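These are the residues of each chain, in order.
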Amino acid sequence: MSLDAAIETFYIEAHEHLEAMENILLQIEEAEPSPELLNDIFRSAHTIKGSAGIFALEHIVNFTHVVENILDKARDNNIVFDNDLLNVLFLCQDHIKTLVNTSLDDFQQNPELQAQSQELITKLAPWTDTNTSELPTEQTSEQDETSQSIQESSNDNNCWHISLRLSEDCLRNGMDPLSFIKFLETLGEIKHIETITENFPNAEDFDSETLYFAYEIALQSNADLEAIENTFMFVKDDSDITILPPDAKIDDYLALIDSLPEENQQLGDILVKCGSLTRHSLEQALNEQQQTNQDISSNNAPSSKLGEVLSQNNLVPEKVIAAALTKQKQTQTNANAGKQIRIDSNRLDHLINLIGELVINQQRIDLLAGKTKSSPLIEAVDDFEDFTEQIRDAALKLRMIPIGATFQRFKRLVRDTAQELNKNIELTITGSETELDRVMVEKLADPLTHIVRNAMDHGLESIEERAATNKTTKGQLTLSAYHDAGHVVISISDDGKGINKDKVLEKAIAKGIVASDGKLSDQELFHLIFHPGFSTAQQITNLSGRGVGMDVVKRNVEALQGNIEIQSNQGLGTQFIIRLPLTLAIIDGFHVESHHTHFIIPQATIIECIDLTSHQDIDSKHCINLRGEMIPYLNISEIFNLKPTKTISNGQQADKKIRTELVIVQFGNDIAGIAVEKLNGEIQTVVKPLGPIFHSLKGIGGSSLLGNGEIAFILDVPQLIELAIKRDGQNNMSKNY
């Protein structure tokens, strides 16, 4: 791995650990800080500090070290994890994130950021027993860590621990690993040596010139570190060699455990491999455990655990045992979830683009094969199409991610905002496992943030207001997600005061958005809050009130080819329902035509297709009675002003010929029809974005290239349904007035 790639990996992993720290702090706030949670958050802080140290990012190392010490004290029950400490640690987590995003040079030239570090260190002072008036130096760090020496309780407390990972080219370069081991014997006595054989290949892959072994060595010696290091001076550049002094720090063993490969290992194996336990001691502990369990089996008492035996006999420090258990659990979790690899998202997008081209070319081959009327060729092309669909579905699944990570971010937002507003608010999250396209998840963050902030600022009442209306003092805010009819539905609901419809209408009239005698449905009235600059707030706060957030919500949701619905009851609360397609990359579409212009209707929205000429319009409107249900419809050629290729003198006949087929579509609870000339059937559709010149064109969500090279426009069904219903409503109002 190059240095640039290593640094990039550090930043990615640091942000993952920071996210984990935030989630753990939120869990601790909701419940008691369990030893497992404290171990996990300590390990995250420790990993960030250790990794930053590799790249000499001292500003991160120094600050995180103080936080790490506090977390270590909490693990040892030396301090009380109260709300005051929790609030400071939230600030520290934010500050570490800032430090990770700041280079060392920028930090050194930024007195304000340095002051923030110092201020937080001072805030942590009540939980430290060291002088925290200044940032820790490397010297104090070593003193603290030395006090945690494993030597106090380790069997091999007089031994150097040497973790030897020589280059696999060691033998090929003429170096014999045994020569190093023999030389070590000249410096002292090798008390124990463990050969690691995990990389040893199968017989057919074995190369006699490749070194597959690694070694863990316990050396009892009076030699100094320099003398031992010089043993490996000719191979250290290509090798991974760790030398822990006799007073080895617990943190070093924890780091060694953390660096062990993700394999399904027993607790004893982990401890042996990290050097905190010898194989001989392990066997003795296992024998004792077996004997103890045999003794208690007749009494139906809980069986003895290996970790308990090791701890009771002071064979391994409890911290090291806890870290090994966490490593074991983490490995088992990863094994259950399957092996995962980190992939650059750009490579994934490139793969999807290539598969899109494959789909288009498959359609072209399909057309050419149909012209040949060769049955064997057509059959082969059909098989090819099935194969292409499988590849497409598999590739699209790679881009699907759970929305849970996005939802989790709101826990912190709700916590901090509730404190700022002095409100008591509980956030409930359901459906975190619901998956949708990664690109859509990223673009949802801003709209959801605006809705949640508005719900907390304007929707949910203060503690006093809720008590006065006989509500529980804790307001409820719920984020949920689920799949419904080929779409993803995201709901944001609260049990607050609801939207005051009279107030909204009054404001809309005052701003000239609607006429004073305007008749609006509840949905039309609620959607006024998405109008740019619209706000009913009496005062502007840091959170909302300027009317610049909700218009962004609707614009972003529509850009994702989704729609948003509002349900609100005054005094009971409000619910925002966002409905989105699963993906914007490749969809199953339905190919239709009008006036030789090609259109694609997303198949997930289609209910059925009917012959329009067999139905009569109701009251000369674009509306039919379909099995007792009134269905408004749009004529696609009228909507997009398409001109017929042949002039037909009889206007009535021409109109019938134009809208001979009706595709019934549904999005959410709304149903409408789209009248077209010709139905061409199902088609895999590679979605291509429209250029900026088409952004103002309503009813079109994208384009696609057909197998014959022609362009097809992908219909934006939510917008067309909204237009059809709106026109139907206007006709009714015209008739009534």
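Just above sits the structure.
Right, let's walk through the structure included here. (Residues numbered from 1 in each chain as written. Predicted model: local features only at pLDDT ≥ 70, side-chain atom pairs only at ≥ 80, totals over all residues. Heavy atoms only, no water.)

## Observations regarding the overall build of the protein chain
Here's step 1: For the protein chain, the count of helices and strands is 25 helices and 21 strands.
Here's step 2: Counting the 737 residues in the protein chain, one finds 45% classified as buried.
Here's step 3: Across the protein chain, contacts joining residues at least 24 apart in sequence account for 69% of those joining residues at least 6 apart.
Here's step 4: About 38400 Å² of surface is accessible on the protein chain, with carbon and sulfur atoms providing 48% of the total. (Helix = DSSP H or I, 4+ residues; strand = E, 2+ residues; numbered from the N terminus. Buried < 20%, exposed > 50% of the residue type's maximum accessible area, 1.4 Å probe, protein only. Contact = heavy atoms within 4.5 Å. Areas by Shrake-Rupley, 256 points an atom, 1.4 Å probe, with all protein chains shown as cover.)

## So, the pairing of strand 17 (residues 661-667)
Sheet faces and side chains relate simply in a regular strand, where the side chains alternate between the two faces.
Here's step 1: Burial of strand 17 is extensive: five of the seven residues sit out of reach of the surface.
Here's step 2: Bridge count between strand 14 (residues 606-611) and strand 17: five bridges; the pairing is antiparallel. What sits directly across from I606, in strand 17, is V665.
Here's step 3: Pairing geometry for strand 17 and strand 18 (residues 670-676), over seven bridges, is antiparallel. Bridge pairing in strand 18 places V663 opposite I674.
Here's step 4: Hairpin remark: strand 17 followed by strand 18, antiparallel, with two residues in the connecting loop; positive phi at G668, about 70 degrees. (Pairing = 2+ DSSP bridges.)

## Quick notes on the pattern of salt bridges
Here's step 1: Inspection of the entire model under this criterion finds 24 salt bridges.
Here's step 2: In this structure, R438 and E442 form a salt bridge, with 3.0 Å as the shortest nitrogen-oxygen distance. Of the two residues, R438 and E442 are both situated in helix 18 (residues 438-459); the distance of four residues between them amounts to about one turn of the helix.
Here's step 3: Residue classification places R438 among the buried positions, given a relative accessible area of 14%.
Here's step 4: Residues E461 and K471 are paired through a salt bridge, measuring 2.8 Å at the closest nitrogen-oxygen approach. Residue E461 is located in the loop between helix 18 and helix 19 (463-468), and its partner K471 is located in the loop between helix 19 and strand 8 (475-484); the two are separated by 10 residues in the primary sequence.
Here's step 5: Using a relative accessible area of 8% as the deciding quantity, one classes E461 as buried.
Here's step 6: One network of salt bridges, in which partners are shared, links E22, E29, D94, R412, R415 and D416. (Salt bridge = Lys/Arg side-chain N within 4 Å of Asp/Glu carboxyl O.)

## Here we look at the sheet that holds strand 15 (residues 623-626)
Here's step 1: The mixed open sheet is built from five strands, whose spatial order is 14-17-18-16-15. Each edge of the open sheet carries a strand with a single partner, namely strand 14 and strand 15. The average angle at which neighbouring strand axes cross in this sheet is 30 degrees, direction not considered.
Here's step 2: Alignment of strand 15 against strand 16 (residues 629-635), held across four bridges, turns out to be antiparallel. Bridge assignment links C623 to a residue of strand 16, and that residue is P632. (Axes fitted to C-alpha atoms, helices over the stretch in contact; angles between N-to-C directions.)

## Looking at the layout of surface pockets
Here's step 1: Computed from the structure, the second largest pocket encloses a volume of approximately 1400 Å³.
Here's step 2: Mapped by element, the contributors of at least two residues to the lining of the second largest pocket are helix 21 (522-526), helix 22 (550-559), strand 10 (563-569) and helix 25 (717-736).
Here's step 3: For the lining of the second largest pocket, the element with the most residues is helix 25, which contributes 12 residues.
Here's step 4: Considering only residue class, the lining of the second largest pocket consists of 15 nonpolar, 12 polar and 13 charged.
Here's step 5: Taken together, domain 4 (414-536 + 546-581) and domain 5 (586-645 + 656-734) each give at least three residues to the lining of the second largest pocket, which thus spans both. (1 Å grid on protein atoms, 1.4 Å probe; cavity = no way out; pocket = protein on both sides within 12 Å on 5 of 7 lines; lining within 4 Å. Points joined across faces, edges and corners; volume = space filled by probe spheres on them. Nonpolar A, V, L, I, M, F, W, Y, C, P; charged D, E, K, R; others polar. Domains from an automatic or database assignment.)

## Things to note about a positive patch on the surface
Here's step 1: On the surface, a cluster of positive charge is contributed by K497, K503, K507 and K511.
Here's step 2: By the element assignment, K503 lies in helix 20 (residues 501-510). (Patch = residues over 30% accessible without salt bridge, like charges linked within 9 Å, V, L, I, M, F, W, Y side chains within 5 Å. Lys, Arg positive; Asp, Glu negative; His and termini not counted. Charge placed at Lys NZ, Arg CZ, Asp CG, Glu CD.)

## Topic: the nonpolar core
It is characteristic of soluble globular proteins that their nonpolar side chains tend to be buried jointly.
Here's step 1: F81 and L124 are the most contacted members of the largest nonpolar core, which totals 63 residues.
Here's step 2: With nine residues, helix 4 (residues 83-100) is the single largest residue contributor to this core.
Here's step 3: Mapping this core onto the domain boundaries places at least three of its residues in each of domain 1 (3-127) and domain 2 (160-284).
Here's step 4: In this structure, F81 is in contact with L25, I28, P33, L38, L71, A74, L86 and L89, ignoring residues within four places of it in sequence.
Here's step 5: With 44 residues, the next largest nonpolar core counts L448, V504, A508 and F530 among its residues. (Core = buried A, V, L, I, M, F, W, Y, C linked by side-chain atoms within 4.5 Å.)

## Remarks on the packing of aromatic side chains
Here's step 1: By the definition in use, this model includes two aromatic pairs.
Here's step 2: Judged by centre distance (5.7 Å) and plane angle (20 degrees), the rings of F599 and F640 are stacked. Of this pair, F599 sits in strand 13 (residues 597-602) while F640 sits in the loop between helix 23 (636-639) and helix 24 (651-658), and the two are 41 residues apart along the sequence. Across this residue pair, the class does not change: F599 and F640 are buried.
Here's step 3: Here the aromatic rings of F599 and F713 are separated by 6.3 Å at their centres, their planes lie at 45 degrees, and the arrangement is tilted. Here the residue F599 occupies a position in strand 13, and F713 occupies one in strand 21 (residues 711-715), the gap between them amounting to 114 residues. (Phe/Tyr/Trp six-rings, centres within 6.5 Å; stacked < 30°, edge-to-face > 60°.)

## Structural notes on a nonpolar patch on the surface
Here's step 1: Side chains of F200, F206 and F213 sit close together on the surface and give an oily, nonpolar patch of about 270 Å² of accessible area.
Here's step 2: Relative to the assigned elements, F206 resides in the loop between strand 2 (188-196) and strand 3 (214-221).

## Here's the deal with the sheet that holds strand 6 (residues 425-430)
Here's step 1: Read across the sheet, five strands follow the order 6-8-9-11-10 without closing on themselves; strand pairing throughout is mixed. Strands at the two margins of the open sheet, each flanked by one partner only, are strand 6 and strand 10. The sheet shows a mean angle of 15 degrees between the axes of neighbouring strands, taken without regard to direction.
Here's step 2: In this sheet, strand 11 (residues 573-581) lies alongside strand 9 (residues 487-494) in antiparallel orientation, the contact comprising eight bridges. Each residue of the ladder has a partner; that of V488, found in strand 11, is L580.
Here's step 3: Helix 17 (residues 404-421) contacts strand 6, strand 8 and strand 9 of the sheet and is inclined by roughly 175 degrees relative to strand 6.
Here's step 4: Taken strand by strand, helix 18 contacts strand 6, strand 8, strand 9, strand 10 and strand 11, and its axis lies near 20 degrees from that of strand 9.

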